[in-house]
Amino acid sequence: MDLAANGKLFAMSERTFRLYDTMSRQVKPLETIEPGHLRFYSCGPTVYSYAHIGNFRTFLTADLVIRTAEAVGMRVTYVSNITDVGHLTQDDVADAGGEDKMARALSSKEGEQFNNVWELAEYYEDAFIEDWARLNLREPEVRPRATQHMREQIVAAEQLIHQGNAYETPSGVYFNVESFPSYGKLSGNTQDNLRKAVREVVLDDNKREQADFALWKKDDKHLMQWYSPFGWGFPGWHLECSVMARKYLGDTLDLHAGGEDLIFPHHECEIAQSEALTGKTFSNHWIHTRFLQVNGEKMSKSAGNFYTVRALLEKGADPLAIRYALISGVYTKPLNFTDQSLSDAMGNIDRFKRSDATVAAGLGAGKSGDDALGALLEDLYDQALDAMTNDLNTSIALAKALEGTRVILREADAMSKASAESGKKYLDRINALLGIVRHEHELTCKDVAPAAPKVDESKIDKLITDRNEAKKTKNFALADQIRKDLDAEGIELRDTPEGTVWVVKTAL
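All figures in this text were calculated on a predicted structure; none of them were measured in a lab.

Below, the discussion takes up the packing of aromatic side chains. If you walk through the whole model with that rule in mind, you get 18 aromatic pairs. Judged by centre distance (5.1 Å) and plane angle (25 degrees), the rings of phenylalanine 40 and tyrosine 78 are stacked. Placement of the pair is phenylalanine 40 in strand β5 (residues 37-42) and tyrosine 78 in strand β6 (residues 75-80), with a sequence separation of 38 residues. Plain terms: the ring middles of phenylalanine 175 and phenylalanine 213 are 5.1 Å apart, the flat faces sit at 15 degrees to each other, and that makes the pair stacked. Of the two residues, phenylalanine 175 sits in strand β10 (residues 172-175) while phenylalanine 213 sits in strand β11 (residues 213-218), which places them 38 residues apart along the sequence. Residues phenylalanine 175 and phenylalanine 213 agree in their burial class; the two are buried. Three or more aromatic residues joined by ring pairs make a cluster, and in this case those are Tyr50, Phe114, Tyr123 and Tyr124.

Below, the structure is given as structure tokens:
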């Protein structure tokens, strides 16, 4: 049976899509309540600044889930939110303290360009969506904002009070953790553990237990505030995802995703609120992406290794290469993003682009002959898809995808139209699965990497020829010197089965 999704038809596959489940601590099949329909929620950004590449690693995991699910025939309803209020700076505990990240951003030097916090939120949301398109991520069916769902959050808080799961104090409305005995089942942060480890700062004497967390903060001086039965204020960070996920996907989700930092407190609190409200399981499957490092260190502005997508584009990186580098390691393990990994990704993306051009030329030439590629490429695609259905094993999937480029480029000079058609089918399917061959969004000139610096291509080609001759005559010292000279000029040579190619280096 074929299922329609996003205007496309997908034949149901016999493959089982398996993912690690944070709740059960095991890899298990991704099973859906409605056969063939994946209802998927992934936590989006707080739009107080430009999203960094660590954020995008998490969003890319969600994107790969969608692509893999569609490849095995599922219809996907994907929701990813925008947090534009209520996310406080001290967010490592359930009841966060500190300033609202939106308000603090407005008071920063960068925030001086905005007249109010609403303008700031709109600007950074637009910037985020631009970067999302640059990295070739699929658009969600719904991208709801917290500020657009205030009524739902207020009603949910009222219902939880009525049920005895929450209570009102002079400072806000708090979820009563003791009323939900299974609190901690996702993260291991049970009530007993939290009592022992609760922070001695940011104590609120109005709360029954310090582990209780805010559903509503009373604050008539906050930059973003709404009137509620509890007075003027704003919602707690956790409540928005519970009500938006429920509104667009139902009481029980098939899958919920986010970064590993969201396991606790955000997702643990979402579970408590949602399951207390409905009496049903909030999500049947949970996945979390591990942190990104840059050059072996935690990414931070103070360390000078904090990178946004647009900052890398300004340095000459291809957006598809950024995507490639960020998905090059499996999501369940930390990933180290380096100069070399980005450079390698640039070279690999170049192979896909050359393969795409080779196939287009073969189709245009229309040479007669047998299909020399079909069976090989079909097998390589199957192996790539098998890897992706095995807990998104991108390391193997990308390796198989690259093998396909070698197969295509080897046939460049003698490619028949039949082979070219098989090559196009392969690249189309790899792009649908991994998003690394060509862009699926309409991009303007400002959305792509700046033009590479001008180089003397004829000079480089001559030096490559000289180097190849030096290698033939075993003059390896000269061959190495040519490589070093070009490297010093920012030109990296890559020896491939189809010959030596060169790329302009991109440095972090």
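Once you've had a look at it, read on.
What follows concerns helix α15 (residues 476-488). Across its 13 residues, α15 extends 18 Å between first and last C-alpha, which sits within 8% of the 18 Å expected from 1.5 Å per residue. Turning to α15, its buried residues number three or more, namely Ala479, Ile482 and Leu486. Around the axis of α15, the buried residues are gathered within 60 degrees of arc, so they sit on the same side. Of the residues in α15, the exposed ones pointing more than 90 degrees away from the buried face are Ala477, Lys484 and Ala488. Positive backbone phi, at 85 degrees, marks glycine 490, one or two positions downstream of α15.

Within the open sheet, the 3 strands sit side by side as β17-β16-β18. Their pairing is mixed. Two strands bound the open sheet, and with one partner strand each, they are β17 (297-298) and β18 (335-337). When strand β16 (residues 292-294) meets β18, the two strands line up parallel, connected through 3 bridges. In the strand pairing of β18, glutamine 293 is matched with asparagine 336.

With that settled, consider the pairing of β6. With 5 of 6 residues buried, β6 is to be regarded as a mostly interior element. Bridging between β5 and β6 involves 6 bridges; their strand directions are parallel. Pairing of arginine 39 across the sheet is with threonine 77, part of β6. Handedness of the β5-helix α1 (residues 53-71)-β6 crossover: right-handed.

Contact geometry for helix α10 (residues 339-365) and helix α12 (residues 394-410): axes closest at 9 Å, N-to-C directions at 40 degrees. Taken together, α10 and α12 sit at an angle that is classed as oblique. The hand of the α10/α12 crossing is left-handed. Two secondary-structure elements touch here, α10 through Asn348, Arg351, Phe352, Arg354, Ser355, Thr358 and Val359 and α12 through Ala401, Leu402, Thr405, Arg406, Ile408 and Leu409. Taken together, the residues of the contact of α10 with α12 break down into 6 nonpolar, 4 polar and 3 charged.

What counts as what
- Residues numbered from 1 in each chain as written.
- Predicted model: local features only at pLDDT ≥ 70, side-chain atom pairs only at ≥ 80, totals over all residues.
- Heavy atoms only, no water.
- Phe/Tyr/Trp six-rings, centres within 6.5 Å; stacked < 30°, edge-to-face > 60°.
- Helix = DSSP H or I, 4+ residues; strand = E, 2+ residues; numbered from the N terminus.
- Buried < 20%, exposed > 50% of the residue type's maximum accessible area, 1.4 Å probe, protein only.
- Expected span 1.5 Å × (residues − 1).
- Arc of directions from axis to C-beta.
- Pairing = 2+ DSSP bridges.
- Right-handed = clockwise from strand over helix to strand, strands pointing away.
- Axes fitted to C-alpha atoms, helices over the stretch in contact; angles between N-to-C directions.
- Parallel < 35°, antiparallel > 145°, perpendicular 65-115°, else oblique.
- Left-handed = near helix turned anticlockwise from the far one by under 90°.
- Contact = heavy atoms within 4.5 Å.
- Nonpolar A, V, L, I, M, F, W, Y, C, P; charged D, E, K, R; others polar.

Any functional reading would require information beyond the geometric quantities listed.
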